Amino acid sequence: MSQQTNDSHRPWLDGDAEPFIKIRNVTKKFGEFTAVDNIDLDIYKGELFSLLGGSGCGKTTLLRMLAGFEPPSSGTIYIDGVDMTDVPPYARPINMMFQSYALFPHMTVEQNVAYGLKRDKISKDEITRRVDEILSMVELSDFIKRKPHQLSGGQRQRVALARALVKRPKVLLLDEPLGALDKRLREQTQFELINIQDDLGVTFVVVTHDQEEAMTLSTRMAMMDAGKFQQIGTPAEVYEYPESRLVANFIGSANMFEGRVSQSGPDHVIVASKALGVEFNTEHTNSIIEGTKVWIAVRPEKITLSKMPLDAITNQLKGVVVDIGYNGKTSTYRIRISNDQIIEVSVPSQKRPKGDRQLIDWDEEIYLNWDQSNAVVLMK
Amino acid sequence: MNPVNHANHSAGPLVNRLLLRLVELLQSRWKVIVVGIPFFWLLLFFLAPFIIVIKVSLAESIIASPPFSPLYERAEDGALSIRVIFENYSYLWEDDLYINSYINSVKIASVSTVCCLLIGYPMAYCIARSNPTTKNILLMLVILPFWTSFLLRVYAWMGLLADQGTINSLLIWLGVIDEPIRMLYSELAVYIGIVYSYLPFMILPLYANMEKLDVTLDEAAADLGAKPTIAFLTVTLPLTLPGIIAGSLLVFIPATGEFVIPDLLGGGNVLMIGRILSDEFNANSDWPLASAVAIVLLIVLVLPMVLYQRIQARERGNL
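Fair warning: this is a prediction, and the values are worked out from it, not measured in the lab.

### Notes on the sheet that holds strand S2 (residues 33-43) of chain A
All names here are of chain A. The strand order across the open sheet built from 4 strands is S2-S1-S4-S5, with neighbouring strands paired in antiparallel fashion. Two strands in the sheet have a free side with no partner beyond their single neighbour: S2 and strand S5 (82-83). Lying over the sheet, helix H2 (residues 59-67) contacts strand S1 (21-30), S2 and strand S4 (74-79), oriented at roughly 115° with respect to S1.

So this is what it looks like as structure tokens:
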């Protein structure tokens, strides 16, 4: 029983579930440039799916193809089982929140929000009712007669959201929804978005370059690069089990050690690093041919520091503290190891330092350790 | 030690103080100076002649040099007598010629403005939405005719539209017509001339307005369910209204008083107030009547401007 409820929250694990958005072999070329390169993607009903990547990775082009602003060069997009190829943007069951918000400057907040409803030949009373309802949800009821230029950035963002949601679309596309907001407002709005999405059950597709935003918001996320997906998964999957150095570096930060596989067991891999003259023992279930060049990735917060070497631990390195960054809830140590590589270690500030004496000081010799379950073997 | 301070100390104290005073003056009064120079220019070369024209319009036509009666005279006993007559203005009302000319001028200018708008709006839209390289070339092409004299271009149209002109010769050669169509010296020729000459004045303000328009607004309208025509009527058109009004005024105002085009392309067949004014002034040497014609023309033209500003002020009040 509990297994079933679990699965309803993770439709992508259920082989029988029909995806709400199906993207099949979609390619988009602008002249010689391939923005989106033959991709497949399934997004399920009620998901909050993030497309993540650097600028020019193709995430915005993919979003614009979903909205219907750009036709795919080849391939098909299905939404709710319907082939969208010949459906113009105005006839799609999709609404979009634009990065620039694209509010109509000559219309009041009320008129902006009512614009989409008026196109649907809905009765005046119904329009008024729905506009009032959505504006009170985004807490803008006092601003209905204002024009966009009389609103703050956060208010404009909420008008844009209300305008996109008031038509009750099957899918809501959000292009960098929080990009223009300051940090406090961004964090607050992130949770508002999640609540709204929960309440309305609309499928959200969010484009963002901000990995923190994507991790906070998403049920699943797809990391894009050069028009292709690098990895698709839940935020925890992508963060804890990155499949490539690119993903490991883009989502959070990671320390990388290059080496060659010296032994591959059923549940672990031993990687020898020539430059450091040590061997790393890492949990890994798939066997890798000996001699293969791989990278060991360790997240900064997964490394512990000690002033004395620990016994019987394989994953141990010695280094010198070159920099300490105090961030409040954590401290970031930058440590130089024998091959001059700088290793980043993040330590939670659980104890308060006594007096002006740091627990670990500059230029101090220090030992880095991590458990073999906390590192990842990357093949590319 | 600051080198500027040092130089100040070594320079002559009087020159120094004068320079300092000048800089102070420029710093404190620069706004007055910047606004003052064009203001003075307008005062000298617009307002003063305008007052002179008003004065002449209130005089009587006489055969003399200058050909109008003086505003005031000193009688033999030294008393000052001022003579103001309104006959010139009342004459304009009495003779149909003038009223018809005004009406015809406004009609021709209005129709031309609408034609310019219908042709210029899509052109400006295409220019504003084309890629930057094409955009510059297209804008250049719009401005290119200004490199040739306006008069020459109107003469060129005479050559094109004449009975034995290029267009008729071509049509006869192609066998489309047997006899030349009469185009020159007609209202049609005047319309062609005005629309051709004033089209850039419509396109440029429209372009400036459309260039600032965010393309994503069209996409937002489409996204919210508006078909292209509805999106145009509800979003693009209202947002380009300032450009439409600016362009229309820039075409309508000079077109109403246009003299060269009706004179050269319309011949004697097209009544426009610019030609009447010129005839009164040159051929009839009736300076007072010509002045009255000019003043009434100015009122006809200022009226729509004042209305426009009223509307704008009201809209701003609504914001």
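### Here we look at the domain arrangement of chain A
A common measure of how large an interface is: the accessible area buried when the components associate. Residues and elements named next belong to chain A. When cut into domains, chain A gives domain 1 (7-248) and domain 2 (253-378). Computed over C-alpha atoms, the centres of domain 1 and domain 2 are 38 Å apart. Contact residues are listed per partner, giving 8 residues for domain 1 and 9 residues for domain 2. Surface buried jointly by domain 1 and domain 2 totals about 790 Å² across both partners, of which 54% is contributed by carbon and sulfur atoms. Taken as a group, Tyr239, Arg245 and Ala248 account for 68% of the area that domain 1 buries against domain 2, more than any other trio of residues on that side. Taken together, domain 1 and domain 2 are joined by 1 salt bridge. The salt bridge partner of Glu240 is Lys302, with a shortest N-O separation of 3.1 Å. Listed by contribution, the elements that provide at least two residues to the side of domain 1 that touches domain 2 are helix H8 (235-240) and helix H9 (245-250). It is H8 that contributes the most residues to the side of domain 1 that touches domain 2, 3 residues altogether.

### Regarding the sheet that holds strand S9 (residues 220-225) of chain A
Hydrogen bonds between backbone groups are what pair the strands of a sheet, and the pairing can be parallel or antiparallel. All names here are of chain A. The sheet built from 6 strands is open, its strands ordered S6-S7-S8-S3-S9-S10 with mixed pairing. Of all the strands in the sheet, just strand S6 (94-97) and strand S10 (228-233) have a single pairing partner and so form its edges. This sheet shows a mean twist of 20° between the axes of neighbouring strands, independent of strand direction. Where strand S7 (residues 171-175) and strand S8 (residues 203-208) come together, 5 bridges link them in parallel fashion. In the sheet register, Asp175 faces S8, and the bridge partner there is Val207.

### Description of the packing of aromatic side chains
Residue and element names in this part refer to chain A. Here the structure, examined in full by the defined rule, presents 14 aromatic pairs over all chains. Three or more aromatic residues joined by ring pairs make a cluster, and in this case those are Phe257, Phe280 and Trp370. Seen from the ring of Phe20, Lys45 lies directly overhead, with NZ or CZ sitting 4.6 Å from the centre. Directly above the ring of Tyr239 sits Arg299, whose terminal nitrogen or CZ lies 4.0 Å from the centroid.

### Concerning the packing of helix H6 (residues 150-161) of chain B against helix H7 (residues 166-174) of chain B
To characterise two packed helices, one gives the angle between the axes of the helices and the distance between these axes. All names here are of chain B. Following both chains from N to C, one finds H6 and H7 inclined at 25°, their axes separated by 4 Å at the closest point. The angle between H6 and H7 falls in the class roughly parallel. For the pair H6 and H7, the contacting residues are Gly159, Leu160 and Leu161 in the first and Thr166, Ile167 and Asn168 in the second. In the contact of H6 with H7, the residues fall into 3 nonpolar, 3 polar and no charged.

### Some points on the pattern of salt bridges
Going through the model one piece at a time under the given rule, you end up with 27 salt bridges over all chains. As a salt-bridge pair, Arg64(A) and Glu219(B) come within 2.6 Å of each other at their nearest N and O atoms. Remark: Glu219(B) occurs in helix H9 (residues 215-223) and Arg64(A) occurs in helix H2; the pair is interchain, linking two chains. Here Glu219(B) falls in the buried class, since its relative accessible area comes to 14%. When the shortest N-O distance is used, the salt bridge between Glu24(B) and Arg21(B) registers 3.7 Å. Of this pair, Glu24(B) and Arg21(B) are both found in helix H2 (residues 13-57), 3 residues apart, which corresponds to roughly one turn of the helix.

### A closer look at the environment of Ile77(A)
All names here are of chain A. Topologically, Ile77 is positioned in strand S4. When the C-alpha positions of Ile77 and Val376 are compared, they lie 35 Å apart, and in sequence the two are 299 residues distant. Discounting chain neighbours no more than four positions away, the residues touching Ile77 are Lys22, Ile23, Val26, Met65, Leu66, Pro72, Val82, Asp83, Met84 and Thr85.

### Things to note about the domain arrangement of chain B
Residue and element names in this part refer to chain B. Parsing chain B into structural domains produces domain 1 (3-57) and domain 2 (91-318). Between the C-alpha centres of domain 1 and domain 2 the distance comes to 39 Å. At the interface, 5 residues of domain 1 touch 6 residues of domain 2. Across the domain 1/domain 2 interface, buried area totals approximately 470 Å², and carbon plus sulfur atoms make up 85% of it. At the surface where domain 1 touches domain 2, the tally comes to 0 salt bridges. A class-by-class count of the residues in the side of domain 1 that touches domain 2 yields 4 nonpolar, 1 polar and no charged.

What counts, and where the lines are drawn
Residues numbered from 1 in each chain as written. Chains lettered and ligands numbered in written order. Predicted model: local features only at pLDDT ≥ 70, side-chain atom pairs only at ≥ 80, totals over all residues. Heavy atoms only, no water. Pairing = 2+ DSSP bridges. Helix = DSSP H or I, 4+ residues; strand = E, 2+ residues; numbered from the N terminus. Contact = heavy atoms within 4.5 Å. Axes fitted to C-alpha atoms, helices over the stretch in contact; angles between N-to-C directions. Domains from an automatic or database assignment. Buried area = accessible area lost by both parts, 1.4 Å probe. Salt bridge = Lys/Arg side-chain N within 4 Å of Asp/Glu carboxyl O. Phe/Tyr/Trp six-rings, centres within 6.5 Å; stacked < 30°, edge-to-face > 60°. Lys NZ or Arg CZ within 6 Å of the ring centre and 35° of its normal. Parallel < 35°, antiparallel > 145°, perpendicular 65-115°, else oblique. Nonpolar A, V, L, I, M, F, W, Y, C, P; charged D, E, K, R; others polar. Buried < 20%, exposed > 50% of the residue type's maximum accessible area, 1.4 Å probe, protein only.

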